[in-house]
Amino acid sequence: MSQALLNVRDLKVAVEEKTILDGLNLTVCPGEIHVLMGPNGAGKSTLAAAIMGDPRYTIEGGSIEFDGEDLTDKAADVRARKGIFLSFQTPQEIPGVSLESFLRTAQGAVQGKQPKVMTFRRALAEKMELLNMDAAYAERYLNVGFSGGEKKKAEILQLLTLQPKLAMLDETDSGLDVDAVKTVAEGIKAYHNENNALLIITHNAKILEGLDVNYVHVLDDHHIVYTGGPELVEQITAHGFAGILKGADEHGG
Amino acid sequence: MADEVKKTQVEDIDRSFYDFRYEVNASFQTDAGLTPEIVKQISEEKNDPEWMREFRLKSLEIYNRTPLPNWGPSLEGLNMDGIVTYVRPNTEMQAKWADVPDDIKNTFERLGIPEAERASLAGVGAQYDSEVVYHNVKKEVLEQGVVYTDLESALKSDHAERIKEHFMHLVPPTDHKFAALHGAVWSGGSYVYVPKGVSVEIPLQSYFRLNAPGAGQFEHTLIIVEEGAYLHFIEGCSAPKYNVANLHAGCVEIYVGKNARVRYSTIENWSKNMYNLNTKRAVCEAGGTIEWVSGSFGSHTSCLYPMSVLKGEGARMEFTGITFAGNGQDLDTGAQVIHAAPNTSSHIVTKSIAKDGGVSNFRSAVAVTKDAKNSKSAVSCESLMLDERSRSDTIPVMDIACDRVDVGHEAKIGRISEEAVFYLMSRGLTEEDARALIVGGFAEPIAKELPLEYAVEMNNLIHLEMQGSIG
Amino acid sequence: MNTTELLNALPVTTWNHLRVNGAPKEANLPERPESGWGETNTAYELSDGVRCTAVLPQECTGEYSGLGKEADLRIHTEANFSRFFLAEGVSEGITYLREKLDAQHPNAVTHTAIHAKSGSKVTFVQIIQSDPEVEGLSASLTQIAAEPGADVTLVQLQLLSGKSKRYNGVSVKVARDARVKIVRAELGGNIVVTGARAMLGKTAGAFDLSAIYYGDGDSILDFNDVAVHTGRDTHSEMHTAGVLADRCRKTLRGTIDFRRGAVHAVGHESEDVLLFSPEVRHRAAPLILCTEENVEGQHAASAGRLDENVLYYLASRGLDPQQAMRLMVDARFAPVVDQIPDKVLRDLVRASLERRLEHAQILG
């Protein structure tokens, strides 16, 4: 087994003094795809936000190690430059800043040097085509007036541009029609290779089609209560969490 | 020194009564005040025509009886009693590059402006450089019959009569105290004449011509654009201009002919000791268009509200402005428009940013007269507060005397969303860069109205201003 | 007693020539006649939970109304009718305060204070009317203090004759989690000077102002509404709809003032004016003052004639211009009129508007 990319140990996270996660452990290695499922409000998005370094979430205990470095106290931009990426459920709208110039700035920040304009443009156009995005979106202000689907595609476009080591996708498929889900799945497939890893939060098996999922975790009661293989997705889709959670209880968590 | 202090005190007491019954006291002048003799002397040195000499003296009378405005930013730091020192550049006022404050020098360096040019930007020396540039521009536009020269020379040319018919007709000396002061002591500036139907394709830039020592204080810009013609005039530059004296009371008058169009762009970045009390005004004949693009970054105190008089049917105005006030700055800016004919339209879009205890106010006046049937006006202003020590007031007024109008106004105030900062940081930007990017985006609607090199420099300025704004 | 202060002074002044820095001189509060203001024709009905007190509650004082300190002081000292109320507990009923100007009682200078105790809920309705030919004066100062969690609604219905003068100052103090709501209809009078000013000094206090006005003839209407936010999470909503006809001159100042400490405060303000005549004068000065970073403030104003497309559409459905106009004015005023908590009063207001509209001319 290769060295772990992400190592979350005994994590305790609170929002406005309310504990959301407690005693959570998770290890992700390069090349792996992890799926995170669980009932609404269990704290799936909280985990992703805590790993990304969202200042609204207070880490009250435990540690987040990434690529051999302790990032528990680091700001979001440091984590991004280390190779962590989060696809947001509701991406922010930034008026006045075009998608293209934003992506170029971000790529420059993450890679430490500003990409050449022409090379960047060509690469961007290819990725946008892959995602069925109208080329005109490059000139539009970041997420401003984008439909829900376009916003999600713009998130995947950022994923493809920034090439992080760990990509966390927080319900990237929610609110998308069937075709858009397929396109997004294509984008994820194009991104994934043996050197990077994915942590996908989803309720929808569709987005996982064609991906070799290694682990499925069920998050409930502040931590991961059950971990299984890809077959778990189907089980949950068919029977809901109740059966799994009951099983988990029987196993003693 | 002790004597001087005493004198100031006495005059201060005097002046508090002045504002109420100035007329009575108008004939009394202290030694420190502006006298007819001084104005006559200025006039003589400039070799003014007789009418101009009289005009200056009449303006002086108006100046002496007009009180300071009772609204707007405080002008307490302005030594009105020693006004002569602003008017009469003497040897002590000859600035040296070495005297230019460090923060301005640093800005030049960060903007990558070469040493030779820095000196000229600072308002000293290198005048011959400016002349060369000026002549080049002149040669290109001359071929179209355009006149672009300094106002003093124009007064002695065959345009003399035209100047007499237009000079301070739009901004009369009675307008306010500083307009009167300007009328009395104006010096330097530009005269532009664009004949009927001529479209000046390259923007004319006044900035190089402001460099002569002392010339930037009371310069007068007179622009006459005849029927169907087009002109883009750019005033100033994004590099800060340093002036030893700290009062700028310039005046800009623009006459837009029938179906003509004038765009007037300014990026003002005076050094931060400056009281910028500039008056700008345009009048549009039928079908004429005036477009203002205005950026205010510098100055200690600014009162700047370009006015557009839409005199002819179907005349239009557009105003796009941004004001960024930092520590110690009180920038009171905005726009005024008078709809005086049917089917006229105005559109005002502004952005205000305040940080580090700075004051960035938006002030506007939209007036629609009885005759302006079917006129439209839309005002939109947005303020961004970067911390809780700063101030941003929005003070718009509408005065409508006609029912067949469509007048709208919207204002918004807010801050940088922390969620947006986190989002950008999650993509690898530092907090500082994230904030600068958001502010840059906020300013983008103004930037895109500017010629590219100015837009780039404005963006640089925003980044400079945003540096060290965290923590 | 001579006032030197401008009535309805704009909180931050601007160009004098625009004449919005204060109410015009001709709208000044009249001097008290040597014989005094005389008797008033006033009455009130108390709802449960509300009682009268003999002395002005301290809690209600200390802040001034939109009219200004000097005008407040004059009304306070010259009042020929004063009434102070104390509200406790939740009351579903309405306390009515009626005043009528008639030949025997042409002047009502009234001072009202409402002290709403912690957790109380109370509704007051002021009805100001006059006989048609009376040239009277209604000058009122209403001081409201809402203690923590209190919920106060004040409805002001002014239906004076076109010959009377009206001065209406309201000062509001809102404590933690309290809410004060004013529903205001200024539908009569030849000089109307009105100013409500709310101090939102404590966490999560809220101030709502829903106002309508109708100005016609040669009347002068002058408004000065201010919400001052100094407490965290405070909220103000000030929305006005108006109609101007004939040669009416109207000025509306609406100010949201966010001061340091008003973290997460929200303020919205709007004015929507219908212009019915080419001789009206409509002035508006909607200010947002801000010295706090973490706020959301918004203002919107619009003015114009009735949309001709809408008129045409209504005509195509069989409505004549007069009917169409009435319908559109009703639609505009309905959000405010509907908030009047008494059907009889709603009908009274509608009838008054109807009468006014009958006189209004539609100029094609």
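No experiment lies behind these values; they were computed from the predicted model shown.

Colleague: Where do I start with the overall build of chain B in this structure?
Modeller: Each helix and strand in chain B was counted, giving 14 helices and 20 strands. Residue burial in chain B is summarised as follows: out of 471 residues, 55% are buried. Sequence separation of 24 or more characterises 84% of the internal contacts of chain B that already satisfy a separation of 6 or more.

Colleague: Would you mind showing me how to read helix α1 (residues 44–52) of chain A here?
Modeller: Quick reminder: α-helices carry 3.6 residues per turn. Residues three or four places apart thus point the same way. All names here are of chain A. Among the 9 residues in α1, 9 count as buried, and that is most of the element. Buried within α1 we find Lys44, Ser45, Thr46, Leu47, Ala48, Ala49, Ala50, Ile51 and Met52. A positive backbone phi angle near 95° is found at glycine 53, which sits one or two residues after α1.

Colleague: Please explain the interface of chain B and chain A as it appears in this structure.
Modeller: Often, the extent of an interface is quoted as the loss of accessible area on bringing the components together. Across the contact, 20 residues belong to chain B and 22 residues belong to chain A. For the side of chain B that touches chain A, the secondary structure elements donating two or more residues are α12 (418–425) and α13 (431–447) of chain B. For the side of chain B that touches chain A, a count of residues per class yields 10 nonpolar, 5 polar and 5 charged.

Colleague: Help me understand the pairing of strand β2 (residues 18–28) of chain A in this model?
Modeller: When a strand is regular, its side chains alternate between the sheet's two faces. Residues and elements named next belong to chain A. For strand β1 (residues 6–15) and β2, the ladder comprises 7 bridges, and the chain directions are antiparallel. Within β2, the position partnered with valine 13 by the bridge is leucine 21. Between β1 and β2, which pair antiparallel one after the other, the connecting turn spans 2 residues, and glutamate 16 there sits at a positive phi close to 45°.

Colleague: What's the story with the sheet that holds strand β6 (residues 84–87) of chain A in this structure? I'm lost.
Modeller: Strand pairing in a sheet takes place through backbone hydrogen bonds and is either antiparallel or parallel in direction. Residues and elements named next belong to chain A. Taken in spatial order, the 6 strands line up as β6-β9-β10-β3-β11-β12 in an open sheet, and their pairing is mixed. A strand with exactly one partner marks an edge of an open sheet, and here the two such strands are β6 and β12 (223–228). On average, each strand axis in the sheet is inclined to that of its neighbour by 20°, with strand direction left out of account. Pairing geometry for strand β11 (residues 215–220) and β12, over 5 bridges, is antiparallel. Within the sheet, the bridge partner assigned to leucine 219 lies in β12 and is isoleucine 224.

Colleague: Where do I start with the interface of chain C and chain B in this structure?
Modeller: Of the residues lining the interface, 37 residues belong to chain C; the matching set on chain B comes to 35 residues. The set of elements that each furnish at least two residues to the side of chain C that touches chain B consists of β17 (281–290) and β18 (295–304) of chain C. Bridging between strand β19 (residues 394–400) of chain B and β17(C) involves 4 bridges; their strand directions are antiparallel. Counterpart to Ile400(B) in the pairing with β17(C) is His282(C).

Colleague: What should I look at first to understand the sheet that holds strand β4 (residues 57–66) of chain A in this one?
Modeller: The 4 strands are arranged β2-β1-β4-β5 (chain A) in an open sheet whose pairing can be described as antiparallel. Of all the strands in the sheet, the pair left with one neighbour each is β2 and β5 (69–70) of chain A.

Colleague: Can you walk me through the domain arrangement of chain B in this structure?
Modeller: All names here are of chain B. You can read the domains of chain B as domain 1 (1–30), domain 2 (97–304) and domain 3 (417–471). Taken together, the 11 residues of domain 2 in the interface contact 10 residues of domain 3. Elements that contribute at least two residues to the side of domain 2 that touches domain 3 include exactly α6 (102–111), β8 (261–268) and β11 (289–296). Per element, the largest residue contribution to the side of domain 2 that touches domain 3 is 3 residues, and it comes from α6. Taken together, the residues that form the side of domain 2 that touches domain 3 break down as 5 nonpolar, 5 polar and 1 charged.

Colleague: Just to check I follow, could you spell out the environment of Asp332(B) for this structure?
Modeller: Residue and element names in this part refer to chain B. With respect to the element layout, aspartate 332 can be found in strand β15 (residues 330–339). In the structure, aspartate 332 is positioned 135 residues away from glutamine 467 in sequence and 23 Å away in space, judged by C-alpha atoms. Apart from residues no more than four positions distant in its own chain, aspartate 332 is found in contact with Gly72, Pro73, Ser302, Cys303, Asn361 and Arg363.

Colleague: Would you take a moment to explain the nonpolar core for this structure?
Modeller: Nonpolar side chains in soluble globular proteins tend to be buried together. Val262(B) and Val174(C) are the most contacted members of the largest nonpolar core, which has 305 residues in total. Looking at this core, the element that brings in the most residues is α13(B), giving 9 residues. A domain-level breakdown of this core finds at least three residues from each of domain 2 (97–304) and domain 3 (417–471) of chain B. Setting aside its immediate chain neighbours within four residues, Val262(B) contacts Ile223(B), Val225(B), Leu231(B), Phe233(B), Ile254(B), Val256(B), Ala282(B) and Ile290(B).

Colleague: What am I meant to see in the environment of Thr194(C) here?
Modeller: All names here are of chain C. By the element assignment, threonine 194 lies in strand β11 (residues 191–200). Threonine 194 sits in the buried class, given 28 other C-beta atoms within 10 Å. When the C-alpha positions of threonine 194 and glutamate 271 are compared, they lie 15 Å apart, and in sequence the two are 77 residues distant. Residue contacts for threonine 194: discarding those within four places in its chain leaves Asn168, Glu186 and Phe223.

Colleague: Is there a simple way to explain the environment of Ser138(C) in this structure?
Modeller: Residues and elements named next belong to chain C. Note on placement: serine 138 falls in strand β7 (residues 137–146). The spatial distance from the C-alpha of serine 138 to the C-alpha of arginine 350 is 22 Å, given a sequence separation of 212 residues. Apart from the residues within four sequence positions on either side, serine 138 is in contact with Glu99, Leu101, Ala108, Ile128, Leu160, Ser164 and Arg166.

Colleague: Just to check I follow, could you spell out the packing of helix α5 (residues 148–162) of chain A against helix α6 (residues 178–191) of chain A for this structure?
Modeller: The relative placement of two packed helices comes down to the angle between their axes together with the axis-to-axis distance. All names here are of chain A. Where α5 contacts α6, the two axes come as close as 10 Å, and the packing angle between them is 10°. Comparing their axes, α6 and α5 come out roughly parallel. Judged by residue contacts, Gly149, Lys152, Lys153, Ile156, Leu159 and Leu160 of α5 engage Ala180, Thr183, Val184, Gly187, Ile188, Ala190 and Tyr191 from α6. For the contact of α5 with α6, the per-class residue count stands at 8 nonpolar, 3 polar and 2 charged.

Colleague: Would you explain the packing of helix α3 (residues 321–337) of chain C against helix α4 (residues 343–359) of chain C in this entry?
Modeller: All names here are of chain C. Two numbers describe how α3 lies on α4: the axes approach to 11 Å, and their chain directions differ by 150°. If you check the angle between α3 and α4, you find them roughly antiparallel. Between α3 and α4 the crossing geometry is right-handed. Along the contact surface, α3 presents Met325, Arg326, Val329, Phe333 and Val337, while α4 presents Arg346, Val349, Arg350, Leu353 and Leu357. Residues belonging to the contact of α3 with α4 are distributed by class as follows: 7 nonpolar, no polar and 3 charged.

Colleague: What is the right way to look at the pairing of β6(A) in this model?
Modeller: Residues and elements named next belong to chain A. Here β6 shows two buried faces, one formed by Ile84 and Leu86 and the other by Phe85 and Ser87. Bridge count for β6 against strand β9 (residues 166–170) is 4 bridges, and the pairing is parallel. Note on β9: the bridge partner recorded for leucine 86 is methionine 168.

Colleague: Is there a simple way to think about unusual backbone geometry in this case?
Modeller: Residues other than glycine predominantly adopt negative phi, and peptide bonds predominantly adopt the trans conformation. If you check the backbone angles, Asn259(B) has positive phi at about 55° while not being a glycine. Of note, Asn259(B) is situated in the loop between β7 (251–256) and β8. Unlike most non-glycine residues, Asp233(C) shows phi in positive territory, near 55°. Position of Asp233(C) among the secondary structure elements: in the loop between β13 (220–229) and β14 (235–244).

Colleague: When you look at the confidence of the model for chain B in this model, what are you seeing that I'm missing?
Modeller: Low pLDDT marks regions whose predicted coordinates should not be analysed in detail. Residues and elements named next belong to chain B. Overall, the prediction assigns chain B a mean pLDDT of 80, with 75% of residues at 70 or greater. Segment residues 1–31 is flagged for pLDDT under 50; beyond a separation of four residues in sequence, or across chains, it makes 13 contacts in the model. The low-confidence segment residues 208–215, where pLDDT is below 50, has 25 contacts with residues more than four positions distant or belonging to other chains. Predicted complex, confidence summary: ipTM 0.91, pTM 0.83.

About the cut-offs
Residues numbered from 1 in each chain as written. Chains lettered and ligands numbered in written order. Predicted model: local features only at pLDDT ≥ 70, side-chain atom pairs only at ≥ 80, totals over all residues. Helix = DSSP H or I, 4+ residues; strand = E, 2+ residues; numbered from the N terminus. Buried ≥ 20, exposed ≤ 12 C-beta atoms within 10 Å, placed from the backbone. Contact = placed C-beta atoms within 7 Å. Nonpolar A, V, L, I, M, F, W, Y, C, P; charged D, E, K, R; others polar. Pairing = 2+ DSSP bridges. Axes fitted to C-alpha atoms, helices over the stretch in contact; angles between N-to-C directions. Domains from an automatic or database assignment. Core = buried A, V, L, I, M, F, W, Y, C linked by C-beta atoms within 7 Å. Parallel < 35°, antiparallel > 145°, perpendicular 65-115°, else oblique. Left-handed = near helix turned anticlockwise from the far one by under 90°. pLDDT = per-residue confidence, 0-100.

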